[in-house]
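# Examination of the molecular architecture
Here are the chains, one letter per residue:
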Amino acid sequence: MRNLKLVICSGKGGVGKSMLAAGLLMLFGREKRVTGVDCDVDAPNLDIWLGGVKKWDKTIKVFASLKPEIDYRKCNLCGLCVKNCRFKALSFLKGKLKLNPFLCEGCGACEVICPQKAIRLKAFQNGEIRIKKIHKKGSQEIVLISGSLFPGETGSGKVVTEIKKQADRFESDLQIIDSAPGTSCPVIASLQDADFAVLITEPTPSGFSDLKKVLKVVNHFNIPWNLVINKWDINPSLSNKIKNWASQKLLGQISYDKKIIESVSLFRPILETELKAKKEIEEIFEKLKCTIQSL
Ligand code: SF4
Ligand code: SF4
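Residues numbered from 1 in each chain as written. Chains lettered and ligands numbered in written order. Predicted model: local features only at pLDDT ≥ 70, side-chain atom pairs only at ≥ 80, totals over all residues.

### What about the pairing of strand β5 (residues 90-93)?
For clarity, the threshold we go by: Think of it this way: DSSP has to see at least two bridges between two strands before they count as a pair. In this text, helices come from DSSP runs of H or I with a minimum length of four residues, and strands from runs of E with a minimum of two, each type numbered from the N-terminal end.
Where β5 meets strand β6 (residues 96-99), four bridges bridge the pair, whose relative direction is antiparallel. Following the sheet pairing, Leu-90 is matched in β6 by Leu-99. The loop that links β5 with its antiparallel partner β6 comprises two residues; one of these, Lys-94, has a positive phi angle of about 50°.

### Looking at the site of ligand 1
Stated formally: Note on definitions: a residue is near a molecule or strand provided its C-beta atom, placed from the backbone, lies within 6 Å of it. Think of it as three bins: nonpolar holds Ala, Val, Leu, Ile, Met, Phe, Trp, Tyr, Cys and Pro, charged holds Asp, Glu, Lys and Arg, and polar takes everything else, Gly as well.
Taken together, 13 residues lie around ligand 1, and Cys-75, Cys-78, Leu-80, Cys-81 and Cys-114 are the ones closest in. Across the shell around ligand 1, the residue classes tally to 10 nonpolar, three polar and no charged.

### As for the domain arrangement of the chain
This is how it is decided: In this document the domain limits rely on a domain assignment from an automatic tool or a database. Whether two residues are in contact depends on their C-beta atoms, placed from the backbone: they are in contact if these lie within 7 Å.
In terms of domain boundaries, the chain breaks down into domain 1 (4-62 + 128-293) and domain 2 (65-124). Its C-alpha centre places domain 1 at a distance of 40 Å from the equivalent point of domain 2. Across the boundary between the two partners, domain 1 contributes four residues, which contact four residues of domain 2.

### Describing the site of ligand 2
Close to ligand 2 lie 13 residues, the nearest being Cys-85, Cys-104, Cys-107, Ala-109 and Cys-110. Residues of the shell around ligand 2, tallied by class, amount to 10 nonpolar, two polar and one charged.

### Quick word on the nonpolar core
Rules: In this description, a nonpolar core means buried residues of the types Ala, Val, Leu, Ile, Met, Phe, Trp, Tyr and Cys, linked to one another by C-beta atoms lying within 7 Å. Buried residues are those with 20 or more other C-beta atoms within 10 Å of their own C-beta, exposed residues have 12 or fewer, and partly exposed residues lie in between; C-beta atoms are placed from the backbone.
Counting 68 residues, the largest nonpolar core has Leu-25, Ile-176 and Leu-199 as its most contacted members. With nine residues, helix α1 (residues 17-28) is the largest single contributor of residues to this core. Discounting chain neighbours no more than four positions away, the residues touching Leu-25 are Val-34, Gly-36, Leu-50, Ile-142 and Ile-176. Membership of the second largest hydrophobic core comes to 10 residues, among which are Ala-89, Cys-110, Ala-118 and Ile-119.

Shown next, in the form of structure tokens:
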């Protein structure tokens, strides 16, 4: 198997992406060299579902944002940049030009418009990437790459691209990419170059509706996909409707169990419990293994 990229994605948050990604990583890790790539940069938690990481092996700074640097010696306070900043990130305070970095989108309009050439865009740290080699009983080494966007920062898609570049440096047979929920930049960046997508949803009206939205993105990239329904038993009739909708694409389902959260809160991976969800994830794994074999 080449370095196959499998993305776990969902339209809605909290439907079990990271739980499934961690389970699949541990199961594939028994047979192959696997890399787990946590691209949910606003709320990375794949490490927790894998049992927690006390100390990361390596941390890398990410400079994937641009912010203006003002040369006050050149600025003559003409105000053109303030007027033309659509994001209201520039203002005058006590007779001095001030930047609010939390409002700045790094568009560069101020740099272009300044007649004094007093503004220059500069790379700015907006996140970090963490790397850990995890050893699980019965598994080969699992490389985990996780990254986060700093609070209030922009550029989540760019941070995801940097995380994926780091992941590509490790030789592996399979990358399991835990995407952010929704359909925005980090999801698009996660899905780029993907060989297969496992969509996961829950049987709620918002879960089903958001699933159809993310599927549009998956289809845009022509990525083959399968579906998992998590907590199927909280609404069996809607689960049946989703199953009929998915038809042959249905990969499996996972039952609701409040012990899953109890388990993860104790940093105990589902694969190391005897919960029903463990068996269900194993069944999903067996089916997925056959499905991706031909890719
Ligand atoms: S456009 Fe240039 S010179 Fe004018 S206020 Fe802004 S930084 Fe200063
Ligand atoms: S880079 Fe764009 S958003 Fe940031 S201060 Fe300049 S004009 Fe405003």
